[in-house]
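# Survey of secondary and tertiary structure
Spelled out from the first residue to the last, the chains are:
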Amino acid sequence: VQLQASGGGLVQAGGSLRLSCVASGRTFSNNAVGWFRQAPGKEREFVGSISWNGGITTYADSVKGRFTISRDKNTVYLQMNSPKPEDTAVYYCGSWMSSYRSTNSPRYWGQGTQVTVSS
C-alpha cells in the first residue's frame, strides 16, 4: 500500500485546513489509519486515528476538540480547525494492518505534508 498525504500549507491561527490521505496500490478500507506529526527537533507524535469503518476515533489531548478525522472510501481526512502555531509540523498518515489502532507503529506510511500555522 502506498499512501499519499496532501493538503498542507500555510494557515493563520484560528483558521482551518484539511489534510487528505489517499491509498494506492491496495485499498486501506479494512484498516485503521492514523495521523502523526513531527516538528523540527522533536520526535514524531501521534495526532489521531480512525478505525476501519470510522466508528472509533481517538485523538491526542493536544488536538482534541479542534481536529477531526473522518474517512470515505479510500481517503482519510484530518480537519484542522482553530490551529495554533504549535501545530506547525510535517504531518504523516499511516495505515495499520489491523482494523483498529494498535500499539504498534503503522505498517505503511505516506511521505508527509508540511503544515505551518502563523500567529
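Please refer to the structure placed before this passage.
Let us look at unusual backbone geometry. The phi torsion at S82 lies on the positive side, around 50°, for a residue other than glycine. Mapped onto the fold, S82 is located in the loop between strand 8 (75-81) and strand 9 (89-95). Owing to a relative accessible area of 39%, S82 belongs among the partly exposed residues under this scheme.

The next subject is the side chain of R66. For R66, the position within the fold is in the loop between strand 6 (57-59) and strand 7 (67-72). Take R66: its relative accessible area is 12%, and that puts it in the buried class. Sequence-distant contacts of R66, that is, excluding residues within four places in its chain, are made with Q79, M80, N81, S82, P83, K84 and D87.

As a further point, take a nonpolar patch on the surface. A surface patch of nonpolar side chains, amounting to about 300 Å² of accessible area, comprises W52, I56 and Y100. Along the chain, W52 turns up in the loop between strand 5 (45-50) and strand 6. By relative accessible area, W52 is classed as partly exposed at 34%.

Counting 31 residues, the largest nonpolar core has L19, W35, V76, L78, M80 and Y91 as the members making the most contacts within it. Contributions of two or more residues to this core are made by strand 1 (2-6), strand 3 (16-24), strand 4 (33-38), strand 5, strand 7, strand 8, strand 9 and strand 11 (113-118). Examining the composition of this core, we find that 4 residues originate from one element, strand 3, more than from any other. Those residues in contact with V76 that sit more than four places away from it in its chain are L19, S20, C21, F28, V33, W35, I50, I69, S70 and R71.

Thresholds applied
- Residues numbered from 1 in each chain as written.
- Predicted model: local features only at pLDDT ≥ 70, side-chain atom pairs only at ≥ 80, totals over all residues.
- Heavy atoms only, no water.
- Helix = DSSP H or I, 4+ residues; strand = E, 2+ residues; numbered from the N terminus.
- Buried < 20%, exposed > 50% of the residue type's maximum accessible area, 1.4 Å probe, protein only.
- Contact = heavy atoms within 4.5 Å.
- Patch = residues over 30% accessible without salt bridge, like charges linked within 9 Å, V, L, I, M, F, W, Y side chains within 5 Å.
- Areas by Shrake-Rupley, 256 points an atom, 1.4 Å probe, with all protein chains shown as cover.
- Salt bridge = Lys/Arg side-chain N within 4 Å of Asp/Glu carboxyl O.
- Core = buried A, V, L, I, M, F, W, Y, C linked by side-chain atoms within 4.5 Å.

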